[in-house]
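# Secondary and tertiary structure notes
Here is what each chain is made of, one letter per residue.
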Amino acid sequence: MLLRLLDRFEEALIAALMAGATLIIFVAVVHRYISGVPVIQDYVLHWNLAWAQELCIYMFVWMAKFGAAYGVRTGIHVGVDVIINRMAPPLRAKFVLFGLGAGALFTGVVGSLGARFVYHIGQTEQVSADLEMPMWIVYLAVPLGSYLMCFRFLQVAWTFIRTGELPHHDHGHVEGIDPVEAAKEGGPA
């Protein structure tokens, strides 16, 4: 139950950040172009959207950090596993667990170093250039995203120990489309 809530929160956060950044970029680009239209420019030139680019950069950083954790959970990260897949199952399992453990260790270390950095930057009065947002909030993406990714590596390792299965992403599957219904309607199965 709690894991399902975490999964949905992770997906909603990534989607909201992506949608929000796309909308902000769209508005900023439209603003830039309509600022040159003689009749409209008098109304829109006083709108200051200088902050839009900075906010979008921060939103994409947060999206990337949480998206990486999502990628571990769903198995969509690219991996070079040709040799590992040809190994005997007991040896393959050891290498898979070693890789998952190394991923968890690395992201745990990055998360800890990021948390230390956020703590120290929180002791300063440093703010971002355009938004004047405290920089510790911006950098909080590093420890939160890294610790979530570490948790996801451990989650995948635990599932692999119990079932022998790794998450696998089917690139042909589109969420919300039933392949049986699509085939009945004449679409690709």
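Residues numbered from 1 in each chain as written. Predicted model: local features only at pLDDT ≥ 70, side-chain atom pairs only at ≥ 80, totals over all residues. Heavy atoms only, no water.

### Some points on the side chain of arginine 152
Secondary-structure assignment places arginine 152 in helix 7 (residues 141-163). In terms of polar contacts, arginine 152 uses its side chain to reach the side chain of aspartate 7, at 2.9 Å. Polar contacts involving the side chain of arginine 152 include one to the side chain of glutamate 10, which spans 3.0 Å. (Helix = DSSP H or I, 4+ residues; strand = E, 2+ residues; numbered from the N terminus. Polar contact = N/O pair within 3.5 Å; in protein donor to acceptor, adjacent residues only side chain to side chain.)

### Re the packing of helix 5 (residues 89-122) against helix 7
Running from N to C, helix 5 and helix 7 point in directions that differ by 160°, and their axes come no closer than 7 Å. Classed by the angle they form, the pair helix 5 and helix 7 counts as roughly antiparallel. The two elements helix 5 and helix 7 meet at a crossing, and its hand is left-handed. Each residue belonging to the contact of helix 5 with helix 7 can be placed in one class, and the counts come to 19 nonpolar, seven polar and one charged. (Axes fitted to C-alpha atoms, helices over the stretch in contact; angles between N-to-C directions. Parallel < 35°, antiparallel > 145°, perpendicular 65-115°, else oblique. Left-handed = near helix turned anticlockwise from the far one by under 90°. Nonpolar A, V, L, I, M, F, W, Y, C, P; charged D, E, K, R; others polar.)

### Section: the layout of surface pockets
As a volume, the largest pocket reaches approximately 750 Å³. In terms of lining residues, the largest pocket is bounded by 24 residues, among which His77, Gly79, Asp81, Leu166 and Pro167 are the most central. Elements with a minimum of two residues in the lining of the largest pocket: helix 3 (51-74), helix 4 (82-85), helix 5 and helix 7. It is helix 5 that contributes the most residues to the lining of the largest pocket, five residues altogether. (1 Å grid on protein atoms, 1.4 Å probe; cavity = no way out; pocket = protein on both sides within 12 Å on 5 of 7 lines; lining within 4 Å. Points joined across faces, edges and corners; volume = space filled by probe spheres on them.)

### Focus: the packing of helix 1 (residues 2-34) against helix 3
Between helix 1 and helix 3, the shortest axis-to-axis distance is 9 Å and the interhelical angle comes to 150°. When the axes of helix 1 and helix 3 are compared, the pair comes out roughly antiparallel. Relative to helix 3, the crossing made by helix 1 is left-handed. Of the residues in the contact of helix 1 with helix 3, the class split is 19 nonpolar, two polar and four charged.

### Digging into the nonpolar core
Generally speaking, soluble globular proteins have nonpolar side chains that are buried together. Ranked by internal contacts, the top residues of the largest apolar core, which has 26 residues, are Ile24, Met59, Leu100, Met149 and Phe153. At the level of secondary structure, the elements contributing two or more residues to this core comprise helix 1, helix 3, helix 5 and helix 7. Ranked by residues supplied to this core, first place goes to helix 3 with ten residues. Residue contacts for isoleucine 24: discarding those within four places in its chain leaves Trp51, Ala52, Leu55, Cys56 and Met59. (Core = buried A, V, L, I, M, F, W, Y, C linked by side-chain atoms within 4.5 Å. Buried < 20%, exposed > 50% of the residue type's maximum accessible area, 1.4 Å probe, protein only. Contact = heavy atoms within 4.5 Å.)

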